[in-house]
Amino acid sequence: MPFPNKYRSIIIASILVVIIFIALSSILKSSGETSFFRQVVLEIVVPLENVVNSALNGIYKGWNRYIFLVGLEEENKKLKKKVSSLTSEVRTYSGTHLECMRLRKLLNLQESFQSQTIAARVIGSDRSSIFKTILLDKGKFEGLKVGLPVIAIGGVVGRIIDVSWNVSKVLLFIDYNSNIDALVQNVRAQGILQGSGNKGCILKYVQRLENVNIGDAVVSSGLAGVFPKGLLLGTVISVDKAETSLFQKISVAPSVDVSKLEEVLVIVKKEVKDK
Amino acid sequence: MIYYLLMPVFALLLLVFQTTVLDLFAFGKIKLEISLLLVIYAGFHLDIIKGGVLSVVLGAFLDCMTCLIPGFHVIFYILIFIISKNISYRVYLEGVSFIVVFTFLCVFLEGVVMFLIYLFFFDVNISYDIVNTYLPQALVLCAIGPACFALFYRLEVLMQHGEEK
C-alpha cells in the first residue's frame with residue numbers, strides 16, 4: 001500500500017470508520033423499505049439455512065418418532081382425557097356462538113373489517129439472541145410488504161420488518177422493539193403492550209384505577225392501524241399497583257409459543273365492508 | 001486475492017452454521033457467536049486490511065440476518081478488531097488463559113454495549129436478558145475459544161497455501 005508505515009494503521013482504521021458511517025447513513029435514509037444489500041443477503045442465506053434445517057429436522061424427527069418414545073402411553077392417556085373435556089367445551093361454545101350470531105343479526109351489526117391472509121411457513125428463527133425475529137418463506141412476489149401483521153392460531157405473532165423477493169423477516173411481539181396498542185378484554189383498559197424478551201410482555205400505561213386481574217385476556221385495540229381489533233395477545237400473569245406510580249405494572253404471558261411456530265398467517269388486506 | 005474472493009462465502013457459511021447447527025446444539029438458549037471469536041482471531045493474527053475487511057463483512061452479514069439495530073455488529077466488530085489489533089502488539093498471544101479471559105471480556109462487552117444502547121436510546125432495561133443471554137454465552141465462548149482459535153489457524157494456513165500456489 002502507498003501509505004507510510006507509521007500512519008498505516010491509523011489511516012486504515014479511519015477508512016473503516018468512514019465506511020461504517022456511510023453504510024449507516026444509507027440505512028437510516030431508506031424510507032422503511034428493506035435495502036437492496038439486505039434483500040440479497042436474505043435471499044442467499046435462507047436457502048442455505050433451509051438445507052441445514054431440513055437435514056437437522058430429519059434427524060430430530062427420527063429421534064422423536066422411533067427412539068425417544070418413553071412416556072408416550074402416559075401422554076396419550078392424558079391427551080384423550082383432554083380431548084373429551086375440550087369436545088364438551090366446544091359444544092357449549094358453539095351454542096353461544098349461534099346465539100351471538102342471532103343477536104348480531106337482530107342488532108344489524110356488520111363486521112368492521114374483512115381480511116385476506118396468506119399462509120407462510122416459518123423457515124428460520126433467532127431464539128437465542130436478544131432480538132426476537134423469525135423468517136418466513138414468502139416475500140414481495142406473494143404480495144407481502146413491510147408493516148403487515150402476522151398471526152397464528154393462538155393470536156398475534158408480530159409484524160413484518162424486512163421483505164426480500166421470496167423471504168420476509170418478522171419482528172416477534174415479544175421483542176423489546178415491539179409496541180402494540182392493546183386492551184384488557186374484561187375491563188376495556190387501554191395500554192401499550194411492549195415486548196420483554198424472554199420474560200414475555202409488559203402492558204404499560206394502564207391507569208392505577210383500572211381493575212385488572214390475573215388471568216384477564218389482553219387483545220389488540222386496533223387503534224394503531226397495524227393489527228385488527230380483538231386479536232388475542234396474551235394473558236395477565238401479574239399486576240403491580242405501586243402507590244407512587246400513576247400506572248400499573250402488568251406482566252403478560254404471550255398467547256402464542258413463538259418457539260414452536262411452524263406456520264403463520266400474514267394479513268395482507270383489510271377493508272371496510274360496503275353497507 | 002483468493003482471500004478476498006473466498007472470505008465473503010466463508011463468512012456467510014459460518015453465519016449460517018452459527019444460526020442453525022450451533023443454535024440447535026445450544027438448545028436455542030445461548031447464542032454461540034463464533035463470528036466474534038473469528039474477529040478476535042483476525043485482530044490477533046491477520047494484517048489490518050484483511051482483518052478489517054473480514055470484520056466489516058461479518059458484521060454486515062450478521063446485521064442483515066438477525067440484528068434490529070442498524071449497523072450494530074459492523075461497528076462492534078470493528079471496535080473489537082481494533083482493540084484486539086492494538087493488544088496483539090503488546091501481549092504474548094499464544095497463552096490459553098489470555099485467550100479465555102480476553103474472549104470473555106469481549107462477549108461481555110457486547111452485552112454491556114447492547115444494554116447501554118437499549119437503556120439510553122429505547123429507555124428499556126434489558127438487564128434480565130443480558131444476564132441470561134450474554135453471561136452464559138461469554139462463559140461458553142471463552143471455554144471453546146482456544147479450540148476455535150486452533151481451527152482458525154489451520155484454515156488460515158490452508159488459505160495461505162492456496163494463495164502461494
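Each residue is numbered by its place in its chain's sequence as written, counting from 1. Lettering of chains starts at A and numbering of ligands starts at 1, both following the order in which they are written. A pLDDT threshold of at least 70 governs which residues receive local features in this predicted model, and a stricter bar of 80 or more applies before side-chain atom pairs are shown or counted, although totals over entire chains, interfaces and linings include all residues.

Brief notes about the overall build of chain B
No. 1: Along the backbone of chain B there are 7 helices and 0 strands.
No. 2: For the radius of gyration, the atom set is restricted to C-alpha positions; the globular benchmark scales as 2.2 Å times the number of residues to the power 0.38. Scaling as 2.2 N^0.38, a compact globule of 165 residues should have a C-alpha radius of gyration of about 15 Å, and chain B matches this with 16 Å.
No. 3: Buried, partly exposed and exposed are defined by the number of other C-beta atoms within 10 Å of a residue's own C-beta, namely 20 or more, between the two limits, and 12 or fewer respectively, with C-beta atoms placed from the backbone. Residues counted as buried form 44% of the 165 residues belonging to chain B.
No. 4: Taking contacts inside chain B between residues at least 6 apart in sequence as the whole, the part at least 24 apart equals 66%. Strands here mean DSSP runs of E at least two residues long; helices mean DSSP runs of H or I at least four residues long; both are numbered from the N terminus. Whether two residues are in contact is decided by their C-beta atoms, placed from the backbone, lying within 7 Å.

Side note on the overall build of chain A
No. 1: Secondary structure summary: chain A contains 3 helices and 12 strands in total.
No. 2: Relative to its full complement of 275 residues, chain A shows a buried share of 31%.
No. 3: Taking as baseline every contact in chain A between residues at least 6 positions apart, the subset at least 24 positions apart corresponds to 58%.

Here's the deal with the interface of chain B and chain A
No. 1: Facing 37 residues of chain B, the contacting portion of chain A comprises 35 residues.
No. 2: Those elements that provide at least two residues to the side of chain B that touches chain A are helix 1 (2–19), helix 2 (21–25), helix 4 (48–65), helix 5 (72–88), helix 6 (96–121) and helix 7 (127–164) of chain B.
No. 3: Residues are sorted three ways: Asp, Glu, Lys and Arg are charged, Ala, Val, Leu, Ile, Met, Phe, Trp, Tyr, Cys and Pro are nonpolar, and all the rest, Gly among them, are polar. Grouping the amino acids of the side of chain B that touches chain A by side-chain chemistry returns 25 nonpolar, 8 polar and 4 charged.

Focus: unusual backbone geometry
Residues and elements named next belong to chain A.
No. 1: Even without being glycine, Arg188 reaches a positive phi, approximately 60°.
No. 2: Its location among the elements puts Arg188 in the loop between strand 6 (179–184) and strand 7 (189–195).
No. 3: Here Tyr205, not a glycine, exhibits a phi torsion of approximately 60°, which is positive.
No. 4: Positionally, Tyr205 belongs in strand 8 (residues 201–207).

Some remarks on the sheet that holds strand 6 of chain A
Residues and elements named next belong to chain A.
No. 1: Strands pair, by our definition, only if DSSP identifies at least two bridges between them. With respect to topology, 6 strands assemble into a closed barrel ordered 6-7-8-11-10-9, the strand pairing being antiparallel. Strand after strand, the sheet turns through a mean of 40° between neighbouring axes, direction not considered.
No. 2: Here 5 bridges tie strand 8 to strand 11 (residues 247–254), and the two strands are oriented antiparallel to one another. Looking at strand 11, one finds that Val206 is bridged to Gln248. For helices, the fitted line uses only the C-alpha atoms of the stretch in contact; every axis is such a line through C-alpha atoms, and the angle between N-to-C directions lies from 0 to 180 degrees.

Structural notes on helix 5 of chain B
All names here are of chain B.
No. 1: Here the expected length of a helix is defined as 1.5 Å per residue gap, with one fewer gap than residues. Under the 1.5 Å per step criterion, the end-to-end length of helix 5 is 24 Å for 17 residues, consistent within 8% with the ideal 24 Å.
No. 2: Where burial is concerned, most of helix 5 is hidden: 12 out of the 17 residues are buried.
No. 3: For helix 5, the full list of buried residues reads Phe72, His73, Val74, Ile75, Phe76, Tyr77, Ile78, Ile80, Phe81, Ile82, Ser84 and Lys85.

Examining the nonpolar core
No. 1: Among the nonpolar cores identified, the biggest contains 97 residues, and Val157(A), Val218(A), Leu233(A), Val39(B), Ile40(B), Leu58(B) and Phe61(B) are the most heavily contacted of them.
No. 2: No other element matches the 10 residues that helix 4 of chain B contributes to this core. For this analysis, nonpolar core means a set of buried Ala, Val, Leu, Ile, Met, Phe, Trp, Tyr and Cys residues linked through C-beta atoms within 7 Å.

Digging into the environment of Leu232(A)
No. 1: For Leu232(A), the position within the fold is in strand 10 (residues 232–240).
No. 2: Taking the C-alpha atoms as reference, Leu232(A) lies 34 Å from Val40(A); in sequence the two are 192 residues apart.

Quick notes on the pairing of strand 3 (residues 149–152) of chain A
The side chains of a regular strand alternate, residue by residue, between the two faces of the sheet.
All names here are of chain A.
No. 1: In the sheet, strand 3 pairs with strand 4 (residues 155–163) via 4 bridges, with the strands oriented antiparallel. What sits directly across from Pro149, in strand 4, is Arg159.
No. 2: Between strand 3 and strand 4, which pair antiparallel one after the other, the connecting turn spans 2 residues.

Quick look at the packing of helix 1 of chain B against helix 4 of chain B
Residue and element names in this part refer to chain B.
No. 1: Their axes nearest at 10 Å, the elements helix 1 and helix 4 cross at an angle of 40°. Between helix 1 and helix 4, the crossing angle belongs to the class labelled oblique. Remark: the crossing between helix 1 and helix 4 carries right-handed chirality. Here helix 1 contributes Tyr3, Tyr4, Met7, Pro8, Ala11, Leu12, Leu15 and Thr19 to the contact with helix 4, which in turn contributes Lys50, Val53, Leu54, Val57, Leu58, Phe61, Leu62 and Met65.
No. 2: Of the residues belonging to the contact of helix 1 with helix 4, the class tally is 14 nonpolar, 1 polar and 1 charged. Oblique is the label for any angle not covered by the other classes, which are roughly parallel (under 35 degrees), roughly antiparallel (over 145) and roughly perpendicular (65 to 115). Take the far helix as the reference: if the near one is turned anticlockwise from it by less than a right angle, the crossing is left-handed, and if turned clockwise, right-handed.

Topic: the confidence of the model for chain B
All names here are of chain B.
No. 1: Summarising the model, chain B shows a mean pLDDT of 85, and 98% of its residues fall at 70 or more.
No. 2: The secondary structure element of chain B with the lowest average pLDDT is helix 2, at 77, and the one with the highest is helix 3 (residues 34–45), at 92.
No. 3: The ipTM value of the predicted complex is 0.79, and its pTM value is 0.77. Note on scores: pLDDT gives the predictor's confidence for each residue, bounded by 0 and 100.

Observations regarding the packing of helix 3 of chain B against helix 5 of chain B
Residue and element names in this part refer to chain B.
No. 1: Across the interface, helix 3 lies against helix 5 with an axial gap of 7 Å and an inter-helix angle of 35°. Helix-helix and strand crossings are classified by hand; for helix 3 and helix 5 the assignment is right-handed. Where helix 3 abuts helix 5, its residues Leu36, Val39, Ile40, Ala42, Gly43 and Phe44 lie against Tyr77, Ile80, Phe81, Ile83, Ser84, Lys85 and Ser88.
No. 2: The class makeup of the residues in the contact of helix 3 with helix 5 is 9 nonpolar, 3 polar and 1 charged.

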